[in-house]
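# Chains, contacts and geometry: an overview
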Amino acid sequence: MKQIVFNQPGDADVLTVKDVPVPEPKAGEVRIKVKAAPVNPSDVVFIQGVYGISPQFPDSPVGFEGAGEIDVIGTGIGSGLKIAQGQRVAFAALGTWSEYVVAPAISLLPIPDNLSFEEGAQFFVNPFTAVTMLDEVALKKGDWLLLTAAFSSLNKMVIQLAQKAGVRVIGTVRRTEQVQPLLDLGAEAVVNTEEDSLADRVKSLTEGKGVQACFESVGGDIGTQAIASLGKDATMLIYGLMSGEEAKISYGPTIFRTPTIKGFWLSRWMEESSVRAKARAAKQVYNMVKQGDVTLDVEKTFPLAQASKAVTYSTQSGRTGKVVIQCG
Ligand SMILES: NC(=O)c1ccc[n+]([C@@H]2O[C@H](COP(=O)([O-])OP(=O)(O)OC[C@H]3O[C@@H](n4cnc5c(N)ncnc54)[C@H](OP(=O)(O)O)[C@@H]3O)[C@@H](O)[C@H]2O)c1
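Residues numbered from 1 in each chain as written. Predicted model: local features only at pLDDT ≥ 70, side-chain atom pairs only at ≥ 80, totals over all residues.

## Brief notes about the nonpolar core
- L145, V158, V211 and I325 are the most contacted members of the largest nonpolar core, which totals 93 residues.
- For this core, the domains that each give at least three residues are domain 1 (2-123 + 296-326) and domain 2 (132-267). (Core = buried A, V, L, I, M, F, W, Y, C linked by C-beta atoms within 7 Å. Buried ≥ 20, exposed ≤ 12 C-beta atoms within 10 Å, placed from the backbone. Domains from an automatic or database assignment.)

Put into structure tokens, the structure is as follows:
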């Protein structure tokens with residue numbers, strides 16, 4: 001079978017297509033014929049060798065999530081899981097940019113009929129992060145939530161979920177054409193940081209009180225202004241670093257408003273959470289996707305052999321949805 005691998009950290013051009021044996025599922029695992037897998041920012045930094053998990057050379061596989069059809073069911077899987085050959089499933093596993101992959105049967109999520117494989121392939125990383133981060137900050141109706149890089153696939157989900165819960169979202173973008181779509185999605189205000197001061201806008205929108213929570217993924221000046229926008233006892237979850245630049249902490253507001261600033265990494269959450277907590281999040285994700293509470297936008301697809309082009313395309317600014325690799 002064909003699999004995308006790389007042998008040194010770098011940009012898209014380190015990726016190659018390799019012929020490797022089709023993997024055999026062990027006890028408790030299934031083999032999936034992969035149909036689609038997205039290119040997420042975590043894949044890009046994994047290939048660059050600067051992610052929280054390091055690639056193992058030679059021939060490191062790529063891709064952390066995907067969607068496909070169950071091909072072979074391994075031994076030792078109880079009938080309680082209700083899985084069947086040919087079933088459409090989403091999964092998280094390393095090496096999804098491949099024609100086949102094995103994954104633990106217990107981790108599979110069925111793809112609702114209303115979703116394509118390209119949409120279903122985005123079922124894990126961003127939806128679980130959106131649900132889990134919102135759960136972690138536990139906002140009430142009327143609270144303010146600040147989202148930096150609000151037009152990201154992840155934040156578009158967060159906006160839709162927050163709006164449903166009556167939470168007021170302030171989002172940042174750096175392109176004018178991204179303002180109205182986010183207002184249409186349910187954001188209360190969208191600040192174009194190329195034109196406006198984020199700290200000033202938050203101050204005026206929240207009548208000087210600041211926001212109750214912030215999900216921060218940009219860093220640099222935007223991150224600095226986001227920290228300065230935190231209200232009394234607010235929580236900031238730092239979960240990405242799109243600008244590559246560190247932010248500064250304003251000491252005054254930090255001393256007097258006593259916010260909590262901490263990191264969030266879904267992999268850690270998955271490792272450390274109970275089976276029950278994961279099942280609850282999975283149920284929430286499944287229901288919100290099935291009911292159409294959130295959209296899983298696809299901008300462009302590439303065949304597996306063009307994974308390198310897909311990665312390059314995914315790093316372009318101004319995309320409206322995910323770049324997805326069609327694996328088979
Ligand atoms: N920690 C975790 O567990 C976890 C889990 C899921 C996702 N994430 C992180 O969440 C972030 C979003 O993921 P995604 O899949 O939703 O990404 P995405 O759909 O590719 O969107 C990326 C967004 O970031 C914006 N952006 C890029 N560089 C920027 C910069 N220098 N300044 C301001 N905005 C910038 C882009 O805006 P333009 O259109 O203007 O370029 C775009 O809106 C990523 O950092 C990802 O690593 C983390």
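From this point on, the discussion continues.
## Remarks on the domain arrangement of the protein chain
- What the domain assignment reports for the protein chain is domain 1 (2-123 + 296-326) and domain 2 (132-267).
- Distance between the C-alpha centres of domain 1 and domain 2: 30 Å.
- Each side of the interface is counted separately: domain 1 has seven residues, and domain 2 has five residues.
- When the residues that make up the side of domain 1 that touches domain 2 are grouped by side-chain class, the tally is one nonpolar, four polar and two charged. (Contact = placed C-beta atoms within 7 Å. Nonpolar A, V, L, I, M, F, W, Y, C, P; charged D, E, K, R; others polar.)

## Re the site of the ligand
- Neighbouring the ligand are 25 residues, the closest being S152, L154, G240, L266 and S317.
- Mapped by element, the contributors of at least two residues to the shell around the ligand are α1 (41-47), α3 (125-137) and α4 (153-164).
- Across the shell around the ligand, the residue classes tally to 11 nonpolar, 11 polar and three charged.
- In this structure, the shell around the ligand is formed jointly by two domains, domain 1 (2-123 + 296-326) and domain 2 (132-267), each of which donates at least three residues. (Near = placed C-beta within 6 Å. Helix = DSSP H or I, 4+ residues; strand = E, 2+ residues; numbered from the N terminus.)

## Brief notes about the packing of α3 against α4
- Two numbers describe how α3 lies on α4: the axes approach to 9 Å, and their chain directions differ by 45°. The angle between α3 and α4 falls in the class oblique. Handedness of the α3/α4 crossing: right-handed. Of α4, the residues touching α3 (which contributes N126, P127, T129, A130 and L134) are S153, L154, M157, V158, L161 and A162.
- Here the residues of the contact of α3 with α4 sort into eight nonpolar, three polar and no charged. (Axes fitted to C-alpha atoms, helices over the stretch in contact; angles between N-to-C directions. Parallel < 35°, antiparallel > 145°, perpendicular 65-115°, else oblique. Left-handed = near helix turned anticlockwise from the far one by under 90°.)

## So, the environment of L15
- Mapped onto the elements of the fold, L15 is located in strand β2 (residues 15-19).
- For the pair L15 and P61, spaced 46 residues apart in the sequence, the C-alpha separation amounts to 9.5 Å.
- Those residues within four positions of L15 in sequence are excluded, and the remaining contacts are I4, F6, I47, V62, A307, S308 and V311.

## Here's the deal with the pairing of strand β10 (residues 168-173)
- For β10, the buried fraction is high: six of the six residues fall into the buried class.
- Alternating positions in β10 separate into two faces, R168, I170 and T172 on one and V169, G171 and V173 on the other, with burial throughout.
- As defined by bridge partners, strand β9 (residues 144-147) adjoins β10 across four bridges and the pair is classed as parallel. In the sheet register, L146 faces β10, and the bridge partner there is I170.
- For the crossover from β9 across α4 to β10, the handedness is right-handed.
- Where β10 lies against strand β11 (residues 189-192), four bridges are found, and the strand directions are parallel. By the bridge assignment, T172 is partnered in β11 with V191.
- The parallel pair β10 and β11, bridged by helix α5 (residues 179-185), forms a crossover whose chirality is right-handed. (Pairing = 2+ DSSP bridges. Right-handed = clockwise from strand over helix to strand, strands pointing away.)

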